Amino acid sequence: MSTNRVDLSQLELFDHHCHGVVARDLDRAEFEELISESSRPATAGTTRFDSQVGFGIRRHCAPLLDLEPFAEPDAYLARRRELGFDEVNRRLMRATGIGTYGIESGHAPGTITEVAETAEVAAAAVHEIVRLERLAEEVATRMHAAGEPASGFAEAIRAEIDTRLESAIGVKSIAAYRCGLDFDPTRPSPVELQDAVETWFAGFDGSWPRLANPAIIRMLLWHAIDRCAAIQLHIGYGDDDVDLHRCNPLLLTRLLRASVDSGARFMLLHCYPFHREAGYLADVFPHVYFDVGLAINYTGSRSEAVIAESLELAPFGKILFSTDAFGAAELYTLGTLLFRRGLSAALDRFIELDDWPVAEASRVADLIGHRNARRAYRLD
Amino acid sequence: MSTNRVDLSQLELFDHHCHGVVARDLDRAEFEELISESSRPATAGTTRFDSQVGFGIRRHCAPLLDLEPFAEPDAYLARRRELGFDEVNRRLMRATGIGTYGIESGHAPGTITEVAETAEVAAAAVHEIVRLERLAEEVATRMHAAGEPASGFAEAIRAEIDTRLESAIGVKSIAAYRCGLDFDPTRPSPVELQDAVETWFAGFDGSWPRLANPAIIRMLLWHAIDRCAAIQLHIGYGDDDVDLHRCNPLLLTRLLRASVDSGARFMLLHCYPFHREAGYLADVFPHVYFDVGLAINYTGSRSEAVIAESLELAPFGKILFSTDAFGAAELYTLGTLLFRRGLSAALDRFIELDDWPVAEASRVADLIGHRNARRAYRLD
Amino acid sequence: MSTNRVDLSQLELFDHHCHGVVARDLDRAEFEELISESSRPATAGTTRFDSQVGFGIRRHCAPLLDLEPFAEPDAYLARRRELGFDEVNRRLMRATGIGTYGIESGHAPGTITEVAETAEVAAAAVHEIVRLERLAEEVATRMHAAGEPASGFAEAIRAEIDTRLESAIGVKSIAAYRCGLDFDPTRPSPVELQDAVETWFAGFDGSWPRLANPAIIRMLLWHAIDRCAAIQLHIGYGDDDVDLHRCNPLLLTRLLRASVDSGARFMLLHCYPFHREAGYLADVFPHVYFDVGLAINYTGSRSEAVIAESLELAPFGKILFSTDAFGAAELYTLGTLLFRRGLSAALDRFIELDDWPVAEASRVADLIGHRNARRAYRLD
């Protein structure tokens, strides 16, 4: 049988969407917070370790910290602190075999390692992805502090995006969280945009100015489209401040139709439980790509089913790999291991069922593992 | 291999949502009506037995009535009548190994056994779940018959809920059927509520006063929230008077967000085909639980796939077991047998794939089978 | 084991929804266009052959053209041209074992074989399905050319439908593409209808008058309902001019409820990724049938999962078979082969899991393969 299976243990990986890791030791409550998308502690009488991701960490990460598989959570965390965060992060990230990272730098900066630091920990190549909403908030904050008028914001943020795109390989939008994906897909008119910016600026009160106005977010997206950028979009499953029924990627249909000839590319992230819908969009729109990152970690022993479902309508040249790891380096280890395993299982099944030549199956794995990302981000 | 599998044949079960059984003999048309969610007879030229649930009954229930597996439907029903409903109900319910029932008493009362009677047939412990809409209709009918004004309704139904919650372990709402889940999640204002009650009362014509007004239903839900009750909600698949696209549990997101610190708990029932969405809600909201009851019976030989899909995002401490059996005792037998089997299959797969310790897999089964329900309904 | 499996290699098939094939030789770009639902060429750097359907063609169709499995695309297309379209179409269609075709004749007529011609190529019985929107466009064009007033349109199209239904076995609507399935399910009033027709006619400019007005489409559907017709509806996945989130079959709930006693039957086509929702509708509404055609071809090595998911809620007497092949005869070959294989796999699993008698499993296959269609289209 061994000759009729793919071996993806050495598959080159380009993790096109992920984040830094926490660079300090963690207590149990802090660690549990990092292994769930909920903003709330686990229900009384339960623990976040009693979940697919929790079991996955105990099974697959404990041995990397010299523990037996399925070490108890307290023992795991004690050993984690004993080794120290730096050693743990290095071990866990370097076990992944990821060659290239696309690090999204705008989520909770300050609490996790920065891009260059993450590269050093991981001992790998990194590229930056710029979060549009965060960047806009930074620019607005700076302008407001300097007493600059709202009327200059649109030009300022556009210039800032252009500057950042000189080094960053793409942008990311969390429109899903901020206004849902059912927004008007057209460019905002100058008047609509200016009204929105004025209102936003007028509300500044010293706290962080959370950008949720759809007109401003649409302007950011359309500017990225005009720049032929690679645009990552949060889709589907995420934190509890998302209205998941407004995160169905099909809600983007008109925006995708309007931008199909623009030169921009859209990377739909995570997508669970709408990954079949994402596969459809990746099929019919030449500028749409997608992954099932995040869901792989959080569905754990069930992730092979999710990965298999991602291999239906989408052309093999349009599927990407990501971990969406954030904070806990375990999410890199586990997301990579489960991806290699789930993709192997799916391809082996296709080999068994339809006699796919192993070389063809391996070629498909190469596409999904790294080649599609290189092409889509124009790094070739 | 046998030492690397869970044995759930004796798993203790708490069926947290089910109903009484019919206490008379049934002809074929009556029986077929009980084994489908449709309010209509089977299409001409077809039979309800030609379905997953029909095949499941012939396979698994026929032997309990001393027939060969896959007895023909007519032979099955003849034997059922020969033994008599009482013997049949006892055999089928007692074969389940369910230790505790949470019986929802407000669906078609009068046609099925009452709570105490069901307990006797099943030889098990029972708790009552009160259907809010039914209770409201009863109170309104009583008030109207007594010539009491609509202005007293809100206080009367609140008092009645409180009284019933002295013995019942929770309430159930069928808002999904009556107004869809896309209702305004806020408390109704006193004026809005009073208007709604006046209109409802004014329409009384002697027939049963079906409650469908969202303002009144919202009041019932918010009163249950204020009482820190366990609140069962019909979600997803059901009778043909449901608009299934308005039964997606994600439509409850704002209500769940608004009630997260209330002390109330929400049990999302059935959920098919939105069980992955329900798993997400159970992950991010500490007061949300869910089951895939009903769907297990009706997907039969495919139920292991549905059960496996319910074990993705949701923490293991938030998944419940129910049969949603109604009328036909076969639905208890089959719902239990398929649940034990599907959960075993999923856990055995996790053991095989990720070396889950059998003790850990059994602990997860215990949580889902009964411990989560005990904790969530505060029976510990 | 062989005695405990179904053998569907000779299963009689009624392909109740499909189209003609292209009767000329094809270059690679033309062929790639036929093996995707996208209206766009493949993304630069990729090929439509790198997909489930592409791999399926290389695996299963190449040998029918005397090539090795997994011949390279260029070699495949060279051989295809060498044999010539006529020989290729005959080989591929006759390899399917389809006994009866229901050919929808209104999609891109002129580019593919007509009904009678397809019958000759396939050497099988054919029935016609009339596309309502196309027929309406033809009638309107004719009337407009003849200078006839818009006021006569409703009567003219109704008469035309009646005439066509003397020989055709059903109608098809692409309301999903033209106005989405979230249309008002009531009959249009005469005034509303007449206004819509006047507006439509007034816009005629010599180009093909694309019908997208919901009032006119509703009239067409209601006329078909009044005629007790078999009505095929495009559901779910399709070309990129569909808004897929408006193609969920649940959006038809009110129309289905309103027509349940009409004598009309609804055949929900394709349905992916909403096939579980379609299964629910087929369960609760006696006049609803569905298939997962189209998706079978395009999910290829994953199609057995989709087929298995179609065998959940729906009664076995309500599931149909189709290929939805269009243009490329490969889609007939592949759609049939994958259907036989996926249905076998599902039934064999049920035999293994629940001891389904092989005769019962074969009976279910017969229902799905052809008997349900014969009954539903009233050909018995």
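Being a predicted model, the structure only gives us computed values, none of them experimental. (Residues numbered from 1 in each chain as written. Chains lettered and ligands numbered in written order. Predicted model: local features only at pLDDT ≥ 70, side-chain atom pairs only at ≥ 80, totals over all residues. Heavy atoms only, no water.)

1. Some points on the overall build of chain A
Point 1. The helix and strand inventory of chain A stands at 16 helices and seven strands.
Point 2. Taking 2.2 N^0.38 as the reference for a compact globule, 380 residues should give roughly 21 Å; the C-alpha atoms of chain A span a radius of gyration of 21 Å, in line with that estimate.
Point 3. Projected onto its principal axes, the C-alpha coordinates of chain A cover approximately 65 × 50 × 35 Å.
Point 4. Buried residues in chain A amount to 65% of all 380 residues.
Point 5. In chain A, the share of contacts with a sequence separation of at least 24, taken over all contacts with a separation of at least 6, comes to 76%. (Helix = DSSP H or I, 4+ residues; strand = E, 2+ residues; numbered from the N terminus. Rg over C-alpha atoms; globule rule 2.2 N^0.38 Å. Buried < 20%, exposed > 50% of the residue type's maximum accessible area, 1.4 Å probe, protein only. Contact = heavy atoms within 4.5 Å.)

2. A few points about the nonpolar core
Point 1. If you look at the biggest cluster of nonpolar residues, it comprises 393 residues, and the most contacted ones within it are A:Phe153, B:Phe153 and C:Phe153.
Point 2. If we skip the residues at most four places from it in the chain, A:Phe153 touches A:Ala136, A:Val139, A:Ala140, A:Met143, A:Val197, A:Trp200, A:Phe201, A:Ile216 and A:Met219. (Core = buried A, V, L, I, M, F, W, Y, C linked by side-chain atoms within 4.5 Å.)

3. So, the layout of surface pockets
Point 1. Each pocket or cavity is described by its volume, and for the largest pocket that value is around 1600 Å³.
Point 2. If you trace the largest pocket, you find 42 residues lining it, with A:Arg302, A:Glu304, B:Arg302, B:Glu304 and C:Arg349 closest to the centre.
Point 3. Secondary structure elements with two or more residues in the lining of the largest pocket: α14 (303–309) and α15 (330–354) of chain A, α14 (303–309) and α15 (330–354) of chain B together with α14 (303–309) and α15 (330–354) of chain C.
Point 4. With eight residues, the single largest contributor to the lining of the largest pocket is α15(B).
Point 5. Its residues assigned to classes, the lining of the largest pocket comprises 16 nonpolar, seven polar and 19 charged. (1 Å grid on protein atoms, 1.4 Å probe; cavity = no way out; pocket = protein on both sides within 12 Å on 5 of 7 lines; lining within 4 Å. Points joined across faces, edges and corners; volume = space filled by probe spheres on them. Nonpolar A, V, L, I, M, F, W, Y, C, P; charged D, E, K, R; others polar.)

4. Notes on the relation of the copies chain A and chain B
Point 1. Turning chain A through 120 degrees and shifting it by 0.0 Å along the axis lays it on chain B, with an RMSD of 0.0 Å. One copy is carried onto the other by what is essentially a three-fold rotation axis. Relative to the rotation axis, the C-alpha of A:Ala305 is the closest in chain A, positioned 5.8 Å from it.
Point 2. Looking at the interface residues of chain A, only 3% of them are also at the interface in chain B, so each copy uses its own face. (Least-squares fit on C-alpha atoms with pLDDT ≥ 70 in both.)

5. Side note on the interface of chain C and chain A
Point 1. Each partner contributes to the interface: chain C provides 39 residues, whereas chain A provides 35 residues.
Point 2. Between chain C and chain A lies a buried interface of about 3200 Å² when both sides are counted; carbon and sulfur atoms form 52% of it.
Point 3. At the boundary of chain C and chain A, one finds ten salt bridges.
Point 4. A salt bridge links C:Arg302 to A:Glu312; the shortest N-O distance between them is 2.8 Å.
Point 5. Applying the counting criterion to the chain C and chain A interface returns 27 residue pairs in polar contact (both at pLDDT 80 or more).
Point 6. Put simply, the parts of the chain that give the side of chain C that touches chain A at least two residues each are α2 (52–61), α13 (295–299) and α14 of chain C.
Point 7. Among the elements that make up the side of chain C that touches chain A, the one with the highest residue count is α2(C) (five residues).
Point 8. Across the side of chain C that touches chain A, the residue classes tally to twelve nonpolar, 13 polar and 14 charged. (Buried area = accessible area lost by both parts, 1.4 Å probe. Salt bridge = Lys/Arg side-chain N within 4 Å of Asp/Glu carboxyl O. Polar contact = N/O pair within 3.5 Å; in protein donor to acceptor, adjacent residues only side chain to side chain.)

6. Regarding the sheet that holds strand β3 (residues 125–131) of chain B
Residues and elements named next belong to chain B.
Point 1. Across the sheet, seven strands lie side by side as β1-β2-β3-β4-β5-β6-β7; this open sheet has parallel pairing. The sheet is open, and its two borders are formed by β1 (13–18) and β7 (288–290), each paired with just one other strand. Mean inter-strand twist for the sheet, computed between neighbouring axes without regard to direction, equals 25 degrees.
Point 2. Bridging between strand β4 (residues 170–173) and strand β5 (residues 230–235) involves three bridges; their strand directions are parallel. Bridging from a neighbouring strand, Ser173 pairs with Leu233 of β5.
Point 3. Along the sheet, helix α6 (residues 132–145) makes contact with β3 and β4, crossing β3 at roughly 65 degrees. (Pairing = 2+ DSSP bridges. Axes fitted to C-alpha atoms, helices over the stretch in contact; angles between N-to-C directions.)

7. Some remarks on the relation of the copies chain C and chain A
Point 1. By a simple turn and slide, chain C fits onto chain A: the slide is 0.0 Å along the axis, the RMSD is 0.0 Å, and the turn is 120 degrees.
Point 2. Of the residues that chain C buries at the interface, just 3% are likewise interface residues in chain A, meaning the two copies contact each other through different surfaces.

8. Quick word on the interface of chain A and chain B
Point 1. Taken residue by residue, the interface counts 39 residues in chain A and 35 residues in chain B.
Point 2. Of the roughly 3200 Å² buried between chain A and chain B on both sides combined, carbon and sulfur atoms contribute 52%.
Point 3. Inspection of the chain A/chain B interface yields ten salt bridges.
Point 4. Two residues, B:Arg276 and A:Glu309, come together in a salt bridge whose shortest N-O distance is 2.8 Å.
Point 5. Put simply, chain A and chain B have 27 residue pairs in polar contact (both at pLDDT 80 or more) between them.
Point 6. The element best represented in the side of chain A that touches chain B is helix α2 (residues 52–61) of chain A, accounting for five residues.
Point 7. Residue composition of the side of chain A that touches chain B, grouped by class: twelve nonpolar, 13 polar and 14 charged.

9. Details of the packing of aromatic side chains
Point 1. Taken as a whole and assessed by the stated rule, the structure comprises 54 aromatic pairs over all chains.
Point 2. Pairing A:Tyr237 with A:Tyr272 gives two aromatic rings, centres 6.3 Å apart and planes at 70 degrees, and the pair type is edge-to-face. Placement of A:Tyr237 in the loop between β5 (230–235) and α11 (253–258) and of A:Tyr272 in the loop between β6 (265–270) and α12 (275–284) is noted, with a sequence separation of 35 residues between them.
Point 3. Here the aromatic rings of A:Phe321 and A:Phe339 are separated by 4.4 Å at their centres, their planes lie at 40 degrees, and the arrangement is tilted. Of this pair, A:Phe321 sits in the loop between α14 and α15 while A:Phe339 sits in helix α15, and the two are 18 residues apart along the sequence. The residues A:Phe321 and A:Phe339 share a single accessibility class, namely buried.
Point 4. Connected via pairs of aromatic rings, a cluster forms that spans A:Phe55, A:Phe70, B:Phe316, B:Phe350 and B:Trp356.
Point 5. The ring of A:Phe55 carries A:Arg58 above its face, with NZ or CZ at 5.3 Å from the centroid. (Phe/Tyr/Trp six-rings, centres within 6.5 Å; stacked < 30°, edge-to-face > 60°. Lys NZ or Arg CZ within 6 Å of the ring centre and 35° of its normal.)

10. A closer look at the pairing of strand β4 (residues 170–173) of chain C
Within a regular strand, the side chains alternate between the two sheet faces.
Residue and element names in this part refer to chain C.
Point 1. Neither face of β4 is open: one carries Gly170 and Lys172, the other Val171 and Ser173, and all of them are buried.
Point 2. Here strand β3 (residues 125–131) pairs with β4 via three bridges, running parallel. Bridging across to β4, Val130 finds its partner in Val171.

11. Notes on the environment of A:Val292
Residues and elements named next belong to chain A.
Point 1. Topologically, Val292 is positioned in the loop between β7 (288–290) and α13 (295–299).
Point 2. With 65 residues separating them in the primary sequence, Val292 and Pro357 have C-alpha atoms 25 Å apart.
Point 3. Setting aside residues up to four positions removed in sequence, Val292 forms contacts with His270, His275, Val306, Ile307 and Ser310.

12. Section: the side chain of B:Glu330
Point 1. Locating B:Glu330 in the fold gives a position in helix α15.
Point 2. Other than its neighbours up to four places away in sequence, B:Glu330 contacts B:Phe31, B:Ile57, B:Cys61, B:Tyr76, B:Arg80 and B:Leu92.

13. Regarding the sheet that holds strand β3 (residues 125–131) of chain A
Residue and element names in this part refer to chain A.
Point 1. With parallel pairing, seven strands are arranged side by side in an open sheet as β1-β2-β3-β4-β5-β6-β7. The sheet is open, and its two edges are formed by β1 (13–18) and β7, each paired on a single side. Taken pair by pair, the neighbouring strands of this sheet meet at an average axis angle of 25 degrees, ignoring direction.
Point 2. Sheet analysis places β5 next to β6, joined by six bridges and oriented parallel. Across the sheet, Ala230 pairs through a bridge with Arg265, a residue of β6.
Point 3. Set on the sheet, α15 makes contact with β1 and β2 (98–104); between it and β1 the angle comes to about 130 degrees.
Point 4. Lying over the sheet, helix α16 (residues 358–376) contacts β1, β2, β6 and β7, oriented at roughly 60 degrees with respect to β1.

14. Topic: the domain arrangement of chain A
Residues and elements named next belong to chain A.
Point 1. As far as domains go, chain A holds domain 1 (13–22 + 96–376) and domain 2 (26–83).
Point 2. A C-alpha centroid distance of 27 Å is found between domain 1 and domain 2.
Point 3. Residue-level contacts link 23 residues of domain 1 with 18 residues of domain 2.
Point 4. Summing the contributions of domain 1 and of domain 2, the shared interface buries around 1500 Å²; its carbon and sulfur component is 62%.
Point 5. When the buried surface of domain 1 facing domain 2 is broken down by residue, Tyr298, Glu330 and Leu334 rank first, second and third, together holding 38% of it. (Domains from an automatic or database assignment.)

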